[in-house]
Amino acid sequence: MTRTVLVRVLLVALVVVVLLSAAFWALQRRLIYLPDPGPVPAAATVLPGAEDVRLRTADGLELGAWYLRPAGRDPAATVLVAGGNGGNRAGRAPLAARLVQAGLAVLLLDYRGYGGNPGDPSEDGLALDVRAAHRYLTEDRRVPPGRLVYFGESLGSAVVTELALEHPPAGLLLRSPFVDLAAVGAEIYPYLPVRLLLRDRFPVKEQAARLRLPAVVVVGGRDSIVPPAQSREVAAAASARLVEIPDADHNDRVLLDGPELVEAVVSLVPR
């Protein structure tokens, strides 16, 4: 290959990278957030006894959510469930049902742009959304902080970890957490300068290291979306108990509402 040809090849490669980077910059939130915009059915048609509730965010949005508690008895604790980057609250209904069977109340949060909710998701927006859920539980439902457990699924792990710094719960369950969003993005787009391009950061490991509360990290040993090594790093940073399900992939049923997952949540309930 002559020097002229080599220069041309390098220039073409540079142009391709620049164009891809520009496209990633413009479209990144569409690649990160994959909501099922809904609308979702009435809560009680999916979960008998569940209530449709409305959450008001600090920036004026009204978000739909589902609340469910055990029938005929006081819950041992209340679990605030922050979902991952896809779907909506209807997909977390089996988890809510299992947690209620274990004697817990549950609030299934849908972020802005998810499940028929207004707005567009972003890191700052999700922080406002989960705070609206926290206010609902502590003010409207009068749940003491010592009876709150946060549950974060994948991207939701970042959302509840950040919330826990400001409003510490009794316990924190992180399912398939990543070190930070750039670390996951670099796995998916190794040819792009992801860390330089990202608008939303979600620094889970950094924030988890600042927490001083009971925590459990649940990880699938064959997770093909969030590398298990990243979840283990978060567990170490948070001094959390690690529950690893060896053959589980990111969206396998055992990681959605399996017995190991439910037991891990129950283990965080104050005695």
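Our subject is the structure listed above.
Residues numbered from 1 in each chain as written. Predicted model: local features only at pLDDT ≥ 70, side-chain atom pairs only at ≥ 80, totals over all residues. Heavy atoms only, no water.

K.L.:
Give a description of the overall build of the protein that names residues and reports values.
P.N.:
Secondary structure summary: the protein contains 11 helices and 10 strands in total. Expressed as a percentage of its 271 residues, the buried residues of the protein come to 51%. Within the protein, contacts between residues separated by at least 24 positions form 72% of all contacts whose residues are at least 6 apart in sequence. Total accessible area computed for the protein in this model is approximately 12,400 Å², and 57% of it derives from carbon and sulfur atoms. (Helix = DSSP H or I, 4+ residues; strand = E, 2+ residues; numbered from the N terminus. Buried < 20%, exposed > 50% of the residue type's maximum accessible area, 1.4 Å probe, protein only. Contact = heavy atoms within 4.5 Å. Areas by Shrake-Rupley, 256 points an atom, 1.4 Å probe, with all protein chains shown as cover.)

K.L.:
Pulling in residues and values, what's your account of the environment of Ala133?
P.N.:
Mapped onto the secondary structure, Ala133 falls in helix H4 (residues 123-140). In this structure, the C-alpha to C-alpha distance between Ala133 and Ala65, residues 68 residues apart in sequence, is 8.5 Å. Those residues in contact with Ala133, other than ones at most four positions away along the chain, are Leu55, Leu80, Leu107 and Leu109.

K.L.:
Before we move on, could you go through the pattern of salt bridges and cite the residues and values that matter?
P.N.:
Where charged atoms from two side chains of opposite charge approach closely, those side chains can pair. Under the criterion given, the structure shown has 15 salt bridges. With a shortest N-O distance of 2.7 Å, Glu51 and Arg141 are connected by a salt bridge. Placement of the pair is Glu51 in strand E2 (residues 51-56) and Arg141 in the loop between H4 and strand E7 (148-153), with a sequence separation of 90 residues. Since its relative accessible area comes to 33%, Glu51 is described here as partly exposed. Residue Arg141 is classed as partly exposed on the basis of its relative accessible area of 27%. Salt-bridge contacts for Glu62 lead to Arg56; the nearest nitrogen and oxygen are separated by 3.5 Å. (Salt bridge = Lys/Arg side-chain N within 4 Å of Asp/Glu carboxyl O.)

K.L.:
Please set out the pairing of strand E6 (residues 105-109) residue by residue, giving values where relevant.
P.N.:
Counting buried positions over the five residues of E6 gives five, a clear majority of the element. Where burial is concerned, the two faces of E6 agree: the one with Ala105, Leu107 and Leu109 and the one with Val106 and Leu108 are both buried. By the bridge criterion, four bridges tie strand E3 (residues 62-68) to E6 in an arrangement that is antiparallel. When the bridges of E6 are listed, Ala65 appears paired with Leu109. Sheet topology note: the strand E4 (residues 78-82)/E6 ladder contains five bridges and is parallel. If you follow Leu80 over to E6, its bridge partner there is Leu107. (Pairing = 2+ DSSP bridges.)

K.L.:
Which residues make up the layout of surface pockets, and what values do they have?
P.N.:
Size it by volume and the largest pocket reaches roughly 680 Å³. Lining the largest pocket we find 33 residues, and of these Asn85, Gly86, Ser154, Ile225 and His250 sit closest to its centre. Broken down by secondary-structure element, the contributors of at least two residues to the lining of the largest pocket are helix H1 (3-32), strand E5 (86-87), helix H3 (93-101), E7, helix H6 (181-188) and helix H10 (253-257). Along the lines of polarity and charge, the residues of the lining of the largest pocket split into 18 nonpolar, 10 polar and five charged. There is about 150 Å³ of room inside the second largest pocket. If you go around the second largest pocket, the residues you meet are Tyr67, Arg69, Asp74, Pro75, Ala76, Ala77, Thr78, Arg141, Arg142, Val143, Pro144 and Arg147. Of the residues contributing to the lining of the second largest pocket, the split by class is six nonpolar, one polar and five charged. (1 Å grid on protein atoms, 1.4 Å probe; cavity = no way out; pocket = protein on both sides within 12 Å on 5 of 7 lines; lining within 4 Å. Points joined across faces, edges and corners; volume = space filled by probe spheres on them. Nonpolar A, V, L, I, M, F, W, Y, C, P; charged D, E, K, R; others polar.)

K.L.:
So what's going on with the side chain of His250? Residues and values would help.
P.N.:
Its place among the elements puts His250 in the loop between strand E10 (241-245) and H10. Assessed through its relative accessible area of 6%, His250 is described here as buried. Of the polar contacts made by the side chain of His250, one reaches the side chain of Asp223; its length is 2.8 Å. Once you skip the residues sitting within four places of it in the chain, His250 turns out to touch Ser154, Arg175, Ser176, Asp223, Ser224, Ile225, Val226 and Leu255. (Polar contact = N/O pair within 3.5 Å; in protein donor to acceptor, adjacent residues only side chain to side chain.)

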